[in-house]
Amino acid sequence: MEKMTTDTTWFRECRYGLFIHFGLYSVAARHEWVQTLEEISTKEYQKYFDHFNPDLLNAKEWAKQAKEAGCKYVIITAKHHDGFCLWETAMTEYKVTNTAYQKDLLEELITAFREEGLKIGVYYSLLDWYQPDFLVDGYHPMRNNQEYLATHQGNMEGYRATMFNQVKELLTNYGEINYLWFDFSYKSRDWGSSVGKGAKDWGSEALEEMIRTIQPHILINDRLDLNKGVQTPEQFSRSKGMSDENDVWETVQTLNNSWGYDRDNLNFKLSEMVTKQLIDTVSKGGNFTMNIGPNARGLWDDNSATILANVGKWLKKHGDAIYGATGSKYPAPIDCRYTQKGNQLFLHIFSWPYRTLLLPELGGKVTFARLLNDGSEIRFADTKDIGGERLATTNLYKEITEVHVKEALDPTMLLLNLPVRQPDELVPVIELTLKNEE
Ligand code: GLC
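Right, let's walk through the structure included here. (Residues numbered from 1 in each chain as written. Predicted model: local features only at pLDDT ≥ 70, side-chain atom pairs only at ≥ 80, totals over all residues. Heavy atoms only, no water.)

As for the overall build of the chain
The line we're drawing: Think of it this way: any DSSP run of H or I at least four residues long counts as a helix, any run of E at least two long counts as a strand, and we number them from the N terminus. Buried residues are those whose accessible area, probed at 1.4 Å on protein chains only, stays under 20% of the maximum for their type, while exposed residues exceed 50% and partly exposed ones sit between those limits. The criterion used for residue contact is that any of the two residues' heavy atoms lie within 4.5 Å. Accessible surface is estimated by sampling points in the Shrake-Rupley manner with a 1.4 Å probe; for residues, cover comes only from the protein chains shown. Counted charges follow a simple rule, with Lys and Arg positive, Asp and Glu negative, and His plus the chain ends left uncounted. Every charge is mapped to an atom, namely NZ of Lys, CZ of Arg, CG of Asp or CD of Glu.
When its secondary structure is counted, the chain shows 15 helices and 14 strands. Principal-axis analysis of the C-alpha atoms gives the chain an extent of 85 × 40 × 40 Å. Out of the 438 residues in the chain, the part that is buried amounts to 56%. Of the contacts formed within the chain by residues at least 6 apart in sequence, a portion of 71% connects residues at least 24 apart. Here the chain has roughly 19,200 Å² of accessible surface; of this, 47% comes from carbon and sulfur atoms. Treating the 48 positive side-chain charges of the chain as one cloud and the 62 negative ones as another, the clouds have centres 4 Å apart.

Considering the environment of Ala-206
Following the sequence through the fold, Ala-206 ends up in helix H10 (residues 204-214). Relative accessible area serves as the criterion here: at 42%, Ala-206 is assigned to the partly exposed category. Separated by 168 residues in the primary sequence, Ala-206 and Glu-38 place their C-alpha atoms 34 Å from one another.

So, the sheet that holds strand E6 (residues 250-253)
Short version of the rule: Pairing between two strands requires that DSSP report at least two bridges joining them.
The sheet built from 7 strands is open, its strands ordered E5-E4-E3-E2-E1-E7-E6 with parallel pairing. The two strands at the open ends of the sheet, each matched to only one other strand, are strand E5 (219-220) and E6. When strand E2 (residues 73-79) meets strand E3 (residues 119-125), the two strands line up parallel, connected through 6 bridges. Across the sheet, residue Thr-77 finds its bridge partner in E3, namely Tyr-123.

Focus on the packing of aromatic side chains
This is how it is decided: Aromatic rings from Phe, Tyr and Trp, with only the six-membered ring used for Trp, were paired whenever their centres fell within 6.5 Å, and each pair was classed as stacked if the ring planes differed by under 30 degrees, edge-to-face if by over 60, and tilted otherwise. Criterion for a charge above a ring: Lys NZ or Arg CZ within 6 Å of the ring centre, and within 35 degrees of the ring normal.
What the rule picks out here adds up to 30 aromatic pairs. Centre to centre, the rings of Tyr-16 and Phe-288 are 6.0 Å apart; their planes meet at 20 degrees, and the pair counts as stacked. Remark: Phe-288 occurs in strand E7 (residues 287-292) and Tyr-16 occurs in strand E1 (residues 16-20); sequence separation between them is 272 residues. Look at Tyr-16 and you get buried, because its relative accessible area is 0%. Between Trp-33 and Phe-184 the ring centres are 6.3 Å apart and the planes differ by 20 degrees, which places this aromatic pair in the stacked class. Of this pair, Trp-33 sits in the loop between helix H2 (25-28) and helix H3 (34-37) while Phe-184 sits in the loop between strand E4 (179-183) and helix H9 (199-202), and the two are 151 residues apart along the sequence. Judged by relative accessible area, Trp-33 falls into the buried class, the value being 18%. Classification of Phe-184 as buried rests on a relative accessible area of 15%. Each member of the aromatic cluster is reached from another via a ring pair, and the members are Trp-33, Trp-129, Phe-134, Tyr-139, Tyr-159, Phe-184, Tyr-186, Trp-191 and Trp-202. In this structure, Lys-72 is placed above the aromatic ring of Tyr-323, and the distance from its NZ or CZ to the ring centre is 4.3 Å.

Quick look at unusual backbone geometry
Generally, phi is negative for residues other than glycine and the peptide bonds are trans, each holding for most cases. Residue Phe-184 follows Asp-183 across a cis peptide bond; omega there is -15 degrees. In this model, Arg-15 sits at a positive phi of 65 degrees, which is unusual for a non-glycine residue. Summarising the element assignment, Arg-15 is placed in the loop between helix H1 (9-14) and E1. Under the relative-accessibility criterion, Arg-15 is labelled buried at 3%. A positive phi angle, close to 70 degrees, is found at Arg-355, a residue other than glycine. Relative to the assigned elements, Arg-355 resides in the loop between strand E9 (344-349) and strand E10 (356-359).

Considerations on H10
Helical periodicity: at 3.6 residues per turn, an α-helix aligns residues three or four positions apart in one direction. How we decide: By arc we mean the arc of the directions from the helix axis to the C-beta atoms, nothing more.
For H10, the complete set of buried residues consists of Ser-204, Leu-207, Glu-208, Met-210 and Ile-211. The buried residues of H10 all sit within an arc of 160 degrees when viewed along its axis, so they share a single face. Within H10, the exposed residues directed more than 90 degrees away from the buried face are Glu-205, Glu-209 and Thr-213. Taken together, the buried residues of H10 touch helix H8 (156-172), E4, H9 and E5.

What to know about the sheet that holds strand E11 (residues 366-371)
Where we set the bar: Axes here mean lines fitted to C-alpha atoms, for a helix over just the part in contact, with angles spanning 0 to 180 degrees between N-to-C directions.
The 4 strands are arranged E8-E9-E14-E11 in an open sheet whose pairing can be described as antiparallel. Of all the strands in the sheet, the pair left with one neighbour each is strand E8 (336-341) and E11. Neighbour to neighbour, the strand axes of the sheet diverge by 20 degrees on average, direction disregarded. Where helix H11 (residues 271-283) meets the sheet, it contacts E8 and E9, and its direction lies at approximately 55 degrees from that of E8.

Some details on the site of the ligand
The following threshold applies: Any residue with at least one heavy atom within 4 Å of a molecule or strand is counted as near it. Polar contact is the term for a pair of N or O atoms within 3.5 Å; when the atoms are in protein, one must be able to donate a hydrogen and the other to accept it, and sequence-neighboring residues count only if both atoms are side-chain atoms.
As a structural note, the neighbourhood of the ligand is formed by 13 residues, with His-21, Glu-32, Trp-33, His-80 and His-81 the closest of them. At 2.6 Å, a side-chain N or O of Glu-32 approaches an oxygen atom of the ligand. Between the ligand and His-81, the relevant distance is 2.8 Å, taken from an oxygen atom to a side-chain nitrogen or oxygen of the residue. Protein chains bury 94% of the 300 Å² of accessible surface belonging to the ligand in isolation.

Shown next as structure tokens:
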């Protein structure tokens, strides 16, 4: 991966963002790939266009919900693979302003999110199943439609011209965009009768150059097939962080495995799992971007809204351990993760142990420990300073078994004295203040 030359500080500090998938597929309500999964022609797909009217959509409400959820940036699908545009584009009639909704939805959303202080990301699909110029490949809904194939040759040069102009519109007409999110390159795919697409097909180098001339400081993700940009592992958790600390990455995740609204799919993660995923990602030095697929009326479904709100509630008390934090060099004990910010080391406890927790390599290094949810002190024994024998006789530890004391004799360990009852939080966090030199 090529080093990033743009300033990524704001992005790293945010740590938690919201992805929004919204478009015609929200009306079909069975996955954002529905058009190609069911090989629906543009003509048949038209019914979703004709009935697209999110009448209950309140952009300000979305922005408030996102802020309450603790997200610091948002990424909105301006155009997904079906080619439908959520903004007033001059390049196609297949756009929101020609639906019953009439208004420029992207503009409404960008304005509302910006007002709430969120950074703005725009998602733009490189694939486009609506533009006749787009060369049919194995992902295209018309891949098996002989009539379509006989009448559409594809003209990627023409398509590129449209695409460049659309990207230009997005970067010119909506003020500062902080992050441009392209989706996606697949040049190694080979379906026999067609192959995938990559940098050459998109004109990625020239596209990037054009973007930089309009908004030089914008972040761009890694899906233009240029071997650079913010890395975006999708729907899986990394086992470790990046080997190069300067690599910037975010993992993008769904609540129920579908990006677009998927009515009958109730396979939702628990709030606890989402919180753990967020923590785990930050402990590995990455960002976490969670998705919502609002429904056709323009509302966040209750399941999604509740999970996001729960995580937001947790972040109100524990945000210090996430925003601006990153991984730590200290090895976390089993079932725990560390995040760190300067001399604040945050211990996230995924599974609450009985009474004691031994922290390797922290003996003699901590000055204070407390639970983050209520700020209450957690007493600890610093075996290095007080010595094992005294530890065995102090009041604080008189209830601790011999075994614990013996283990705690290891001077590299720090022994935390936990309450028996775990705090009623999705994930309890203990803040450890490190001595300055650490
Ligand atoms: C995928 C899918 C898509 C989704 C995206 C988000 O590549 O094509 O539907 O928008 O991932 O990362």
